[in-house]
Amino acid sequence: MPLDGVGITERAEQDGSGGLLAGDWRIDLGNRVPALSGRLEAFAARHRQGTRGFAVACRADMPPRAADIANLLGPPIENLLTPRATVAARLPGRGAEVREAMLVVHALPPGPPIIAPGGRIRPWPETELVHDLLRPGVRMLAALEAKGVTHRGLRPENLFRPANGGSVTFGEAWCLPPALAQPFWCEAPQVAQCLPEARGPGTLADDVFALGVCLIVAAAGRVPWAGMDPAAFHRARLERGSFNVLAADLRLPGALPDLLRAMLADDPDLRPEIEALQGWPGAMQGRKGSARVARKAGRPLVLAGQQALDMRSAAWLLATNWADGVRALRSGTLDGFLRRGLGDSQLAEKLSDLVAIAATDPPDTADDVMLCRAIAMLDPLAPLCWRGVAMMPEGLGPLLARDMARAAGVASAEGDAASRSGATQTDLVALVAAEAPARWAMSRGENATAGTLSRTGAQWRVLLRTQGLTGGAERLLYHLNPGLPCLSPLVKGAWASTSASLLAALEAAAADRPGRVPPPDRHVAAFLAARNEAGIERLLQPLSGNDPAEILAARAAVLARLQARFGRAPAPNLAAWIAAEAGPLVATWKSRSRRAELAEQLESIAATGELGILHAALDDATARRNDTDSAEAAQAEMAAIDAELASEGQVVAVLRAAARHSGQQAAAAISMTVMFVVLLALAAG
């Protein structure tokens, strides 16, 4: 298997003629293939048995759907371009720049897209629409549903058909975040409102909607909404319903209008399931799921120079004018619109309660939570709205990846162009801390979803609040994006999406950037912790301390653990890196001779690249204990000598004192004797 969990472990090999090998596929990096991979580069590929294909180069700032890629590797699905092989390879960049990327190989489609962007074709008759597009699409979606995967890339330019007609083949959609490349008119209003990265994997109902849009385009022979302003298009769908806007002025053949009215229902619960589509038209007779025409207010809600006459439009107006929306909710403007404009005093009371509850929330997010919940109450179909950004909760991972990749210097103009606007890392962290996803779901009336999001949100908050290098936004980033490569500046340009590939990237970085502080940094530590490497988090904990010796020992321990787990390939550059920085740790040994011996030993071991042996030498418990015991024995011996010397000094002091006392007594006796003799002489005289 080329995937370990959801990360790439295999590296491409050269075939001797400039091509790269990915299993049985040869990739030609000198031959780019256009219009097959959304916003990503693609290169020509060929199977050893002659099948032609293409390899898509994924981007670190737009994380691929790695779990879905792993799930789909294997027998291909009929009428779908499924992944055939994956490999990591070095790609040429601008000038001398070289970057690594994950390449995902697919077979070539049987023909060109059914319609090019902005183009026109012969409108398809009903027979072709049903037999060549609808039925293959339903079979394909059923096969994906059985694997627990959504497509999220059904759009006319990603549908391919042989030049002489026949069944459509649906293009790949796994190398970008779900639905990122979808045009706004191909998604239901609540999804189209989201930032492209934050649309989430969605459900089968989202693919059913997009398939319905493709049917309309094929029936019309063009994209009827080409050139329409996205905001005006969105506003029209909120007010009139998607089917009424998408199918306006089109004469759809046969029984298709009823089918498309159901497929394009704004409420995903009203769209037909796979079983009903497979049995169409009989299984869907009598089903008229459609858009509900919004009830209009007697007087509009006016906000930032714009007007809204219905609840869904009002919710969108609040979401896209955040600060004005907060003021409208707090000032009573929204209350007046609901009571006097729409006559809905019950909802107005609920929103008044939100304003009261906001007083108990943390002040830095109180207004944001209040408006987020108010929008969900006005339009239960609306996405999660937060500080002017719309998203699905499952889209938090790619959105955070885009922002943090930009901060790490990984994102480029191509990546930034994927978004109309953006939420900062601070905004997203505040969203998690405020439990916004669960409170949003609860305000929509989805109690089961709110419970799930509450448990998930609690886990996210724990990761954010984890102290040290293994927590914070970086930990949440890698937890939410299992296939994301490590964004550490230490391995910039490398596609390190597994612990094994990270170790190889660090070894290469050690050679390219001598003298840099050895890893792990915050990104490396959070990446390893998020990948649940056994025991690694405990080894990483000392890295958050201030003791240079403990930090170096922890670095050596972490790298040694990785090398031991993943093939024990020599890492002489990392070993030399650690040995060169080992001074503070060597200095902790007591024995001068042992310090000199260890310094020489480390240099010798580093040349072999055996990190485990290097770590063992630095952290030799037996030798360390012997060193400590020897030092303690020497200290005890010195103490004994000092004690003995002190004892001898006390004896000498006593003798000296006695001698002084005796001398004083003798002197006194002599003095008395002399005095007595003198007195006798005087008396005799």
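Model, not experiment: these values are computed from the prediction.

### Observations concerning the overall build of the protein chain
1) Next: The number of helices and strands found in the protein chain is 28 helices and 15 strands.
2) Next: In the protein chain, once contacts between residues fewer than 6 apart in sequence are set aside, the share between residues at least 24 apart is 66%.
3) Next: Accessible surface, the protein chain as shown: approximately 30,000 Å² in total, 54% of it carbon and sulfur.

### Let's talk about the state of the cysteines
1) Next: Using the criterion set out here, one finds 0 disulfides in the structure.
2) Next: The closest cysteine sulfur to the non-disulfide-bonded Cys175 is located on Cys58, 3.9 Å from its own sulfur.
3) Next: Residue class for Cys175 comes out buried when judged on its relative accessible area of 0%.
4) Next: Not part of a disulfide, Cys186 finds its nearest cysteine sulfur in Cys214, a span of 4.7 Å.

### Comments concerning the pattern of salt bridges
1) Next: This model, assessed by the stated rule, comprises 29 salt bridges.
2) Next: For Arg339, the salt bridge identified is with Asp335, shortest N-O distance 2.7 Å. In this pair, Arg339 and Asp335 both sit in helix H11 (residues 333-341), 4 residues apart, roughly one turn of the helix.
3) Next: A residue is classified by how much of its surface remains accessible, and Arg339, at 30% relative accessible area, is partly exposed.
4) Next: One network of salt bridges, with partners in common, ties together Arg122, Glu128, Asp132 and Arg161.

### What about the pairing of strand S7 (residues 52-57)?
The side chains of a regular strand alternate between the sheet's two faces.
1) Next: Counting buried positions along S7 yields 5 of 6 residues, so the element is predominantly enclosed.
2) Next: As paired strands, strand S6 (residues 42-47) and S7 are joined by 5 bridges and run antiparallel to one another. From the neighbouring strand, Ala45 faces S7, where its bridge partner is Gly53.
3) Next: Linking two consecutive strands that pair antiparallel, namely S6 and S7, is a turn of 4 residues; a positive phi of about 105° is found at Gly50 within it.

### Examining the packing of helix H20 (residues 499-512) against helix H21 (residues 522-530)
1) Next: Relative orientation of the contacting elements H20 and H21 amounts to 155°, with a least axis distance of 10 Å. Classified by the angle between their axes, H20 and H21 sit roughly antiparallel to one another. In the crossing of H20 with H21, the sense of the turn from one axis to the other is left-handed. Contacts between H20 and H21 pair Ser499, Leu502 and Leu506 from the former with Val524, Phe527 and Leu528 from the latter.
2) Next: Among the residues forming the contact of H20 with H21, the class breakdown is 5 nonpolar, 1 polar and no charged.

### So, helix H16 (residues 425-433)
1) Next: For H16, the set of buried residues is Asp427, Leu428, Ala430, Leu431 and Val432.
2) Next: On the buried face of H16, the contacting elements are strand S14 (384-386), strand S15 (389-391), helix H14 (396-407), helix H17 (436-443), helix H18 (447-465) and helix H19 (472-480).
3) Next: Of the residues one or two after H16, Glu435 is the one with positive phi, at around 55°.

### Some remarks on helix H12 (residues 345-358)
1) Next: For H12, with 14 residues, the first-to-last C-alpha span of 20 Å sits near the 20 Å given by 1.5 Å per residue.
2) Next: Those residues of H12 not exposed but buried are Leu347, Ala348, Leu351, Leu354 and Ala358. Each buried residue of H12 lies within a common arc of 105° when the element is viewed along its axis, so the set occupies one face. Opposite its buried face, H12 presents the exposed residues Gln346 and Ala356, each directed more than 90 degrees away.

### Quick notes on the environment of Leu195
1) Next: Along the chain, the position of Leu195 falls in the loop between helix H3 (189-192) and helix H4 (204-220).
2) Next: Spatially, the C-alpha atoms of Leu195 and Gly395 are 8.9 Å apart, while their sequence positions differ by 200 residues.

### Focus on unusual backbone geometry
1) Next: For the peptide bond that leads from Trp280 to Pro281, omega is 10°, which places it in the cis range.
2) Next: The topology assignment puts Pro281 in the loop between helix H8 (274-278) and strand S12 (301-303).
3) Next: Look at Ala304: it is not a glycine, yet its phi comes out positive at around 50°.
4) Next: Using a relative accessible area of 44% as the deciding quantity, one classes Ala304 as partly exposed.

### Overview of the side chain of Asp361
1) Next: Relative to the helices and strands, Asp361 resides in the loop between H12 and helix H13 (366-378).
2) Next: Apart from residues no more than four positions distant in its own chain, Asp361 is found in contact with Ala366, Val369 and Arg439.

### Describing the packing of helix H24 (residues 572-580) against helix H27 (residues 611-618)
1) Next: Between H24 and H27, whose axes approach to 10 Å, the crossing angle comes to 15°. Taken together, the axes of H24 and H27 lie roughly parallel to each other. Crossing geometry of H24 relative to H27 is assigned as left-handed. The residues of H27 that touch H24, namely those facing Leu574, Ala575 and Ile578, are Leu611, Leu614 and Leu618.
2) Next: Tallied by class, the residues present in the contact of H24 with H27 amount to 6 nonpolar, no polar and no charged.

### Details of the pairing of S6
1) Next: The buried fraction of S6 is high, at 5 of 6 residues.
2) Next: Relative to S6, strand S5 (residues 25-32) runs antiparallel, the two being bridged by 5 bridges. Counterpart to Asp28 in the pairing with S6 is Ala44.

### With respect to the packing of aromatic side chains
1) Next: In total, this model carries 4 aromatic pairs according to the counting rule given.
2) Next: Ring centres of Tyr478 and Phe527 lie 5.4 Å apart, and the angle between their planes is 80°; on these two criteria the pair is classed as edge-to-face. Taken together, the residues span a long stretch of sequence, with Tyr478 in helix H19 and Phe527 in helix H21 at a distance of 49 residues. Phe527 matches Tyr478 in its accessibility class, with the two residues each being buried.
3) Next: Aromatic ring contacts, followed pair by pair, group Phe184, Trp185, Trp225 and Phe233 into a single cluster.
4) Next: The lysine or arginine in question, Arg161, covers the ring of Trp124, its NZ or CZ lying 4.0 Å from the ring centre.
5) Next: The ring of Phe527 has Arg531 sitting right over it, with the charged end atom 4.4 Å from the ring centre.

### Points about the side chain of Ser443
1) Next: Within the secondary structure, Ser443 is located in helix H17.
2) Next: Residue classification places Ser443 among the buried positions, given a relative accessible area of 11%.
3) Next: A polar atom in the side chain of Ser443 sits 2.9 Å from the backbone oxygen of Arg439.

### Overview of the confidence of the model for the protein chain
It should be kept in mind that the predicted coordinates are not to be read in detail where pLDDT is low.
1) Next: In the predicted model, the protein chain carries a mean pLDDT of 86, and 86% of its residues have values of at least 70.
2) Next: Summarising per-element confidence for the protein chain, the mean pLDDT is lowest in strand S1 (residues 3-4) (44) and highest in strand S11 (residues 169-170) (98).
3) Next: Note on residues 1-5: pLDDT under 50 across the span, and 16 contacts to partners over four residues away in sequence or across chains.

### Regarding the environment of Leu618
1) Next: Among the structural elements, Leu618 can be located in helix H27.
2) Next: For Leu618, a relative accessible area of 2% puts it in the buried group.
3) Next: A C-alpha to C-alpha distance of 10.0 Å links Leu618 and Ala549, two positions 69 residues apart in sequence.

Calculation criteria
Per chain, residue numbering runs from 1 following the sequence as it is written. With pLDDT at 70 or above as the cut-off, local features in this predicted model cover only qualifying residues; side-chain atom pairs require 80 or more to be listed or tallied, and sums for whole chains, interfaces and linings still use all residues. Values shown for side chains rest on all heavy atoms present in the structure; no hydrogens or waters enter the calculation. In DSSP terms, a helix is any run of H or I states spanning at least four residues, a strand is any run of E spanning at least two, and both are numbered starting from the N terminus. In this analysis, two residues are considered to be in contact whenever any of their non-hydrogen atoms come within 4.5 Å of each other. For the area figures, the Shrake-Rupley method with a 1.4 Å probe applies, and any residue is considered shielded solely by the protein chains shown. Sulfur atoms of two cysteines make up a disulfide when they are within 2.5 Å. The buried label applies to any residue whose accessible area, calculated with a 1.4 Å probe on protein chains only, is under 20% of its type's maximum; exposed applies above 50%, and partly exposed to all values in between. Think of a salt bridge as a Lys or Arg side-chain nitrogen and an Asp or Glu carboxyl oxygen that are within 4 Å of each other. Each pair of strands is called paired provided DSSP finds at least two bridges between the two strands. The axes are straight lines fitted to the C-alpha atoms, using for helices just the contacting stretch, and the angles between their N-to-C directions are given from 0 to 180°. Angles are sorted into four bins: roughly parallel if under 35 degrees, roughly antiparallel if over 145, roughly perpendicular if 65 to 115, and oblique for all others. Definitions for this section: a left-handed crossing has its near helix turned counterclockwise from the far helix by less than a right angle. A right-handed crossing has that turn clockwise. All residues other than Ala, Val, Leu, Ile, Met, Phe, Trp, Tyr, Cys, Pro, Asp, Glu, Lys and Arg, Gly among them, are scored as polar; the first ten of these are nonpolar and the last four charged. To estimate the expected span of a helix, count its residues, drop one, and scale the result by 1.5 Å. To obtain the arc, one takes the directions from the helix axis to the C-beta atoms. Ring pairs shown here join Phe, Tyr and Trp side chains whose ring centres sit within 6.5 Å, with only the six-membered ring taken for Trp; geometry is labelled stacked below 30 degrees between planes, edge-to-face above 60, and tilted in between. A ring is considered to have a charge above it if a Lys NZ or an Arg CZ atom is located within 6 Å of its centre and within 35 degrees of its normal. Here a polar contact means two N or O atoms within 3.5 Å. Within protein one must be a hydrogen donor candidate and the other an acceptor candidate, and residues neighboring in sequence count only if both atoms are side-chain atoms. The quantity known as pLDDT measures the predictor's confidence residue by residue, on a range of 0 to 100.

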